[in-house]
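What follows is the residue order along each chain.
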Amino acid sequence: MGSFKITGGQKLSGEIHPQGAKNEALQILCAVLLTPEKVTIHKVPNIVDVNKLIDLLKDLGVEVNKIGAESYEFTAKSVKLDFFGTAEYTQKAASLRGSIMLLGPLLARFGKAMIPKPGGDKIGRRRLDTHFIGFQKLGAKFVFESEKNYYHIDASSLTGAYIHLDEASVTGTANIIMAASMAKGKTSIYNAACEPYIQQLCKMLVRMGAKIEGIGSNLLHIEGVKSLKGTEHTMLPDMIEIGSFIGLAAMTQSEITIKNAGIEHLGIIPETFQRLGIKMEFRGDDIFIPSQQRYEIETFIDGSIMTIADAIWPGFTPDLLSIVLVVATQAKGTVLVHQKMFESRLFFVDKLIDMGAQIILCDPHRATVIGLDRQINLRGISMTSPDIRAGVSLLIAALSADGESTIHNVEQIDRGYQDIDKRLNALGAKIERVAP
C-alpha cells in the first residue's frame with residue numbers, strides 16, 4: 001500500500017482548479033457505447049476509477065484517442081461482445097462499481113449483456129435491485145449466477161414502461177435512462193434521481209438525438225429512438241472536490257480560491273459549510289475562502305444543536321458528510337452528523353478521536369462532534385484510509401494537525417482525487433508520497 005507522510009500545521013494559499021466530476025464521468029463514459037459515432041468528452045478526471053473504466057472500454061473494442069490533457073475521443077463502432085465472460089473482463093469489471101452502468105447502453109444497443117457483481121468502496125450495502133427492476137419493467141430478463149457472482153441479462157425486445165423507482169438511485173436512474181433511450185415506445189421514470197450528474201447525462205443524450213422531458217425533476221419521460229449519434233460533452237467541476245477544498249481551507253486557516261467552481265450546480269453545499277461558520281465569497285464562478293482563525297457552528301432557531309444529514313438531491317450529498325464531520329472538530333459549537341444512506345461511512349471517526357477530536361459515535365449512522373474551537377490542536381498519528389471520502393477527510397485532519405501523520409492505503413484516495421498531493425503541495429502543503 002502506498003502512503004502519504006504529512007507535516008501538519010502549514011497554512012495554504014493560492015488558487016486551485018477542481019477536476020471534472022468523477023460521478024458524472026462514470027455515467028458519461030458508459031454512454032459512449034450507445035452510438036457507433038465519435039463522442040468527444042472534455043474535463044475527464046485523471047483518477048484511478050475513471051482510468052479503469054476507460055481501459056475497460058478499450059477492451060470492449062471502443063477506439064479511444066486522447067486529444068488533450070483532459071479530453072478524449074471515443075468511437076464504439078466495433079464492440080467486442082465476446083469479451084464478456086472472459087477472465088480479464090470479470091477481473092476488471094468486478095473491481096469497479098461504476099462498471100454496472102455499462103449495462104444500460106449495452107442492453108439498449110445490443111439487447112444483451114453480462115457483468116460480474118461490481119466492487120467499489122466498502123461503505124455499506126449498496127444494492128442493485130433498482131437497476132434490475134427497472135430493466136425488468138422494460139422487458140429484460142436476467143439471471144444471477146451465484147456461484148460465479150455473475151449477472152446475465154437478455155433485453156432483445158426492450159419496450160417503454162412506467163417505472164416507479166423504489167429509491168432515487170443515481171446510478172440506477174442513469175442506467176434505466178440509457179436503456180430506455182432506445183426502447184420501443186415511451187418510458188416514464190418516477191422518483192428518478194435528479195442530481196446535476198443525471199441532468200448532464202440527459203442533456204448529452206438529447207444532443208445525441210434522445211427524446212427526454214422533465215430534465216432536472218424526479219419525473220422523466222423518455223420516447224425511445226432507433227439510434228443515437230455522436231456528440232461533444234464537457235464535465236461539470238467535481239462538487240465533492242469543491243466541498244473538500246472549502247473544508248480544507250477552514251481547517252488549515254488558509255486563504256484559497258476555488259476557480260471555475262460551477263456554483264449554480266452546487267445546490268446547498270456552500271450553504272451547509274456556511275452553517276458551520278465558514279466564510280466564503282462568490283466572485284463570478286470562483287469561490288474565495290478567506291483565512292479564518294475561528295468559525296462557529298450555527299444552532300437551529302430555537303437554540304437546539306445543529307443536525308446535518310445527507311439526503312437525495314437537492315439535499316446534501318452523502319459524499320461530503322465526512323468532510324463536514326472533520327471540519328466540525330475544530331469549530332466552536334456542537335453538531336450531530338447523520339449519515340442516513342450508508343451504515344459504514346462513519347467508522348473512520350476512531351482515527352479522529354486518536355488525533356484528539358471530541359466525537360461520540362452514537363451508532364453506525366450518527367456521530368456527535370463537540371468542536372475544540374482551536375483550543376487544542378489535533379495531533380499527527382499513523383492511520384489507514386478505509387475509502388475515498390474518509391481518506392480525504394483524514395488527509396484534511398492531518399494537514400491541520402500538529403506534527404507528522406502517515407496515511408496508508410492512499411490508492412483509495414487516488415480513486416477519486418486527481419494528483420491530490422501535488423495539487424495541495426503547490427498551495428504550500430507538505431505531503432510526501434511513499435511508494436509501497
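For the structure given in this document, a descriptive report is provided here. (Residues numbered from 1 in each chain as written. Predicted model: local features only at pLDDT ≥ 70, side-chain atom pairs only at ≥ 80, totals over all residues. Heavy atoms only, no water.)

### Side note on the overall build of the chain
Okay, so step 1: Secondary structure assignment for the chain yields 14 helices and 23 strands.
Okay, so step 2: Relative to a compact globule of 436 residues, whose C-alpha radius of gyration would be 22 Å, the chain shows 22 Å and is just as compact.
Okay, so step 3: In terms of overall dimensions, the chain has C-alpha extents of about 65 × 50 × 45 Å along its principal axes.
Okay, so step 4: Of all 436 residues assigned to the chain, the portion counted as buried reaches 57%.
Okay, so step 5: A fraction of 73% describes how many contacts in the chain between residues 6 or more apart in sequence connect residues 24 or more apart. (Helix = DSSP H or I, 4+ residues; strand = E, 2+ residues; numbered from the N terminus. Rg over C-alpha atoms; globule rule 2.2 N^0.38 Å. Buried < 20%, exposed > 50% of the residue type's maximum accessible area, 1.4 Å probe, protein only. Contact = heavy atoms within 4.5 Å.)

### A few points about the sheet that holds strand β8 (residues 150–154)
What links the strands of a sheet is backbone hydrogen bonding, and the strands pair in either a parallel or an antiparallel sense.
Okay, so step 1: Read across the sheet, three strands follow the order β6-β8-β7 without closing on themselves; strand pairing throughout is antiparallel. Only two strands of the sheet have a single neighbouring strand rather than two, namely β6 (112–116) and β7 (141–145). For this sheet the average axis-to-axis angle between neighbouring strands, irrespective of direction, equals 15°.
Okay, so step 2: Of the strand pairs in this sheet, β6 and β8 are connected by five bridges, and their pairing is antiparallel. Considered in β8, the bridge of P116 is made with Y150.
Okay, so step 3: Here helix α3 (residues 87–94) sits on the sheet in contact with β6 and β8, set at roughly 70° to β6. (Pairing = 2+ DSSP bridges. Axes fitted to C-alpha atoms, helices over the stretch in contact; angles between N-to-C directions.)

### As for the packing of helix α1 (residues 22–31) against helix α2 (residues 48–59)
Okay, so step 1: At their nearest, the axes of α1 and α2 sit 10 Å apart, and the two run at 5° to each other. Comparing the axis directions of α1 and α2 gives the class roughly parallel. Along the contact surface, α1 presents K22, A25, L26, L29 and C30, while α2 presents D49, V50, L53, I54 and L57.
Okay, so step 2: Taken together, the residues of the contact of α1 with α2 sort by class into eight nonpolar, no polar and two charged. (Parallel < 35°, antiparallel > 145°, perpendicular 65-115°, else oblique. Nonpolar A, V, L, I, M, F, W, Y, C, P; charged D, E, K, R; others polar.)

### Side note on the pattern of salt bridges
Okay, so step 1: Under the counting rule described, the total for this entry stands at 15 salt bridges.
Okay, so step 2: Salt-bridge contacts for E73 lead to K38; the nearest nitrogen and oxygen are separated by 3.6 Å. A residue pair is termed long-range when its members are at least 10 positions apart, and E73 in strand β5 (residues 72–75) and K38 in strand β3 (residues 38–42) qualify at 35 residues.
Okay, so step 3: With its nearest N and O atoms 2.7 Å apart, the salt bridge here joins R345 to D319. Placement of R345 in the loop between β18 (334–338) and α11 (349–354) and of D319 in the loop between β17 (306–309) and α10 (321–328) is noted, with a sequence separation of 26 residues between them.
Okay, so step 4: The buried category is assigned to R345, whose relative accessible area is 8%.
Okay, so step 5: Each of the salt bridges in this network shares a partner with another, and the network as a whole consists of K22, D49 and R415. (Salt bridge = Lys/Arg side-chain N within 4 Å of Asp/Glu carboxyl O.)

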